[in-house]
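What follows is each chain in one-letter form.
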Amino acid sequence: MTSERKSIHGQWSTRMMFILAATGSAVGLGNIWKFPYITGENGGGTFVLVYLLCIALIGVPIMMAEIMLGRRGRQSPINTMSTLAEDEKRNKRWVWLGWMGMVAGFLILSYYSVIAGWALSYIFRTASGVFIGATAEGVSSIFGDLVSDPERLLAWHTIFMVMTTVVVSRGVKNGLEVAIRFLMPSLLVLLLMVVAYAMTTGHFMEGVRFMFTPGEITQEGVLTAMGHAFFTLSLGMGAIMVYGSYLPRQTSIAKATAFIALADTAVALLAGLAIFPIVFANGLMPGEGPGLIFKTLPIAFGQMEAGTLVGTAFFILLTFAAWTSAISIIEPAVAWLVENKGVNRIYASAWVGLVTWVLGLGTVFSFNIWSDKTWSIPYLFDDYTFFDTLDKLTSNVLLPLGGLFIAIFAGWLMRESSSRGELDSVGWVFRIWQILLRFVAPIAVIIVFLKAVKII
Ligand code: PHE
């Protein structure tokens, strides 16, 4: 049986609209900024392989579960979890899953917005033509100047937060469709243009080998790959759940998930293929860290035909990709405020935006005045900056933990008649989903966790 509930926030007008919005949420900085730099830091090949396995075996089944829970509950993740726990006669405390997701959302957006601010500032940087003919050192020092200036970072972070809050306050459905329908395919085209440039550097195969030849990986690398599978698919914190809550009943969750996961993975792999050849051609280090794309892509834009135009367009589209993700990160909190506090969307978005903005200051400063202030969390990590701490805490801990609980709830605690009715897939698809969700995903998450904290 499917649920008959209706969302008070409305519904996506078409099935396509949901797919676009969820793809907009999934494809973002995670694919173009984060995937290449963590692949570089973790040595390439094996990391990419583990990441792909995690997408297929953990991410896909959990995404289906998250959409399904959202569509049954039809409310913000917190209220969805409390309603579904009641429906299924389970402990009321499942509502904590919704709370944990909401906290993760605040933490993620606070730094996401700062990085999106870098992309935003690079629109103007690139348009000014400074990268024309620039050397690798020149490009790196331009990036260094940006991040060492708290005032500039703060300004861009503020602008991006305002952009995000404004869209969310008008309801995620208005405006998002146009944005995603045209901008996402254009981003793909530009990415392909950079890949084409990368092929002319003479180091393309070196990049390919780096990404696809298995080598060494640490336990922490495995955890990072798994965490990134959650991050890049927007899983484990309610973003996809809340989008699922606006999903019309007849849509096939399995097909939508397949499309979203494939599109997301394709963009990430293309970003890697665009970036690593440039890294090797210019004697840069793959493990440069969070600045990697900002130190590599401008070199390409400075050398290719019409590079200023292509580069400017690229950073505009990257900003859009980040924007459509950011919107989904705060939607759970905004929906909850509207449902529980009786406030309107404008007020709710303004509050959520403000809290996130303040938290974001920590990330702004961690690249300059706080760059030597570090934090440690026993068993997990030592001496990380504020930014690294937030990033690892969310991607490597909170999202996989959220995903684990989603898998347990949807796989074990929900009656099969509920999930089967909601997924409405052909028999074997349902069975495979069930096996992955009940056994493979939770066991894999637990093992990776325990190994990373060196308990096993
Ligand atoms: N998936 C987004 C990206 O790859 C980030 C995100 C994380 C969005 C968590 C929503 C929830 O950039």
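Presented here is an overview of the structure given in this document. (Residues numbered from 1 in each chain as written. Predicted model: local features only at pLDDT ≥ 70, side-chain atom pairs only at ≥ 80, totals over all residues. Heavy atoms only, no water.)

### Focus: the site of the ligand
Taken together, 15 residues form the shell around the ligand, and within it Ala26, Gly30, Tyr112, Phe231 and Ser234 come nearest. Between Ser25 and the ligand, the recorded distance is 3.2 Å, taken from a backbone N or O atom to a nitrogen atom. In this structure, Tyr112 approaches the ligand through a side-chain N or O atom, which is 2.5 Å from an oxygen atom. Compared with its free state, where it exposes 330 Å², the ligand has 100% of that area covered by protein. The pocket occupied by the ligand, as judged from atoms lying within 2 Å of grid points, is the largest cavity. Looking at the shell around the ligand, the elements that each hand over two or more residues are helix 1 (15-26), helix 2 (29-41), helix 10 (219-232) and helix 14 (307-341). Partitioning the shell around the ligand into residue classes produces seven nonpolar, eight polar and no charged. (Near = heavy atom within 4 Å. Polar contact = N/O pair within 3.5 Å; in protein donor to acceptor, adjacent residues only side chain to side chain. Areas by Shrake-Rupley, 256 points an atom, 1.4 Å probe, with all protein chains shown as cover. 1 Å grid on protein atoms, 1.4 Å probe; cavity = no way out; pocket = protein on both sides within 12 Å on 5 of 7 lines; lining within 4 Å. Sits in = over half its atoms within 2 Å of the grid points. Helix = DSSP H or I, 4+ residues; strand = E, 2+ residues; numbered from the N terminus. Nonpolar A, V, L, I, M, F, W, Y, C, P; charged D, E, K, R; others polar.)

### Here's the deal with the layout of surface pockets
Here the largest pocket defines a volume of roughly 350 Å³. What lines the largest pocket is a set of 15 residues, among which Ala56, Val60, Met64, Ala258 and Leu436 lie closest to the centre. At the level of elements, helix 3 (45-73), helix 12 (253-281) and helix 18 (427-452) are the ones that each hand at least two residues to the lining of the largest pocket. Residues belonging to the lining of the largest pocket are distributed by class as follows: 14 nonpolar, one polar and no charged. (Points joined across faces, edges and corners; volume = space filled by probe spheres on them.)

### Quick word on the environment of Ala116
On the secondary structure map, Ala116 appears in helix 5 (residues 95-127). Residue classification places Ala116 among the buried residues on the basis of a relative accessible area of 0%. Sequence-wise, Ala116 and Ser7 are 109 residues apart; in three dimensions their C-alpha atoms are separated by 31 Å. (Buried < 20%, exposed > 50% of the residue type's maximum accessible area, 1.4 Å probe, protein only.)

### As for empty space enclosed by the protein
Here the structure, examined in full by the defined rule, presents four cavities of 30 Å³ or more. Looking at the largest cavity, it is lined by 18 residues, and the ones nearest its centre are Ser25, Tyr112, Phe231, Ser234 and Ile329. Contributions of two or more residues to the lining of the largest cavity are made by helix 1, helix 2, helix 5, helix 10 and helix 14. Each residue belonging to the lining of the largest cavity can be placed in one class, and the counts come to ten nonpolar, eight polar and no charged.

### A look at the packing of helix 2 against helix 10
Helix 10 packs onto helix 2 with a crossing angle of 175° between their chain directions and a minimal axis gap of 11 Å. In terms of orientation, helix 2 and helix 10 fall into the roughly antiparallel class. Contact with helix 2, carried on its side by Gly30, Asn31, Lys34, Phe35 and Ile38, involves Thr224, His228, Phe231 and Thr232 of helix 10 and no other residues of that element. Residue classes in the contact of helix 2 with helix 10 are distributed as three nonpolar, five polar and one charged. (Axes fitted to C-alpha atoms, helices over the stretch in contact; angles between N-to-C directions. Parallel < 35°, antiparallel > 145°, perpendicular 65-115°, else oblique. Contact = heavy atoms within 4.5 Å.)

### A closer look at the pairing of strand 2 (residues 381-384)
Two strands pair when backbone bridges link them, and strand 1 (residues 375-377) and strand 2 are joined in this way by two bridges, in the antiparallel orientation. If you follow Ile377 over to strand 2, its bridge partner there is Phe381. In textbook terms, the turn of a hairpin is the stretch between consecutive antiparallel strands, and for strand 1 and strand 2 this stretch comprises three residues, one of which, Tyr379, has a positive phi near 75°. (Pairing = 2+ DSSP bridges.)

### Points about the packing of helix 5 against helix 14
The packing of two helices is summarised by the inter-axis angle and the distance between the axes. Running from N to C, helix 5 and helix 14 point in directions that differ by 160°, and their axes come no closer than 8 Å. As summarised for this structure, helix 5 and helix 14 are arranged roughly antiparallel, according to the angle between their axes. Between helix 5 and helix 14 lies a crossing of left-handed hand. Tallied by class, residues from the contact of helix 5 with helix 14 come to 21 nonpolar, seven polar and no charged. (Left-handed = near helix turned anticlockwise from the far one by under 90°.)

Read these as geometric descriptors, not functional statements.
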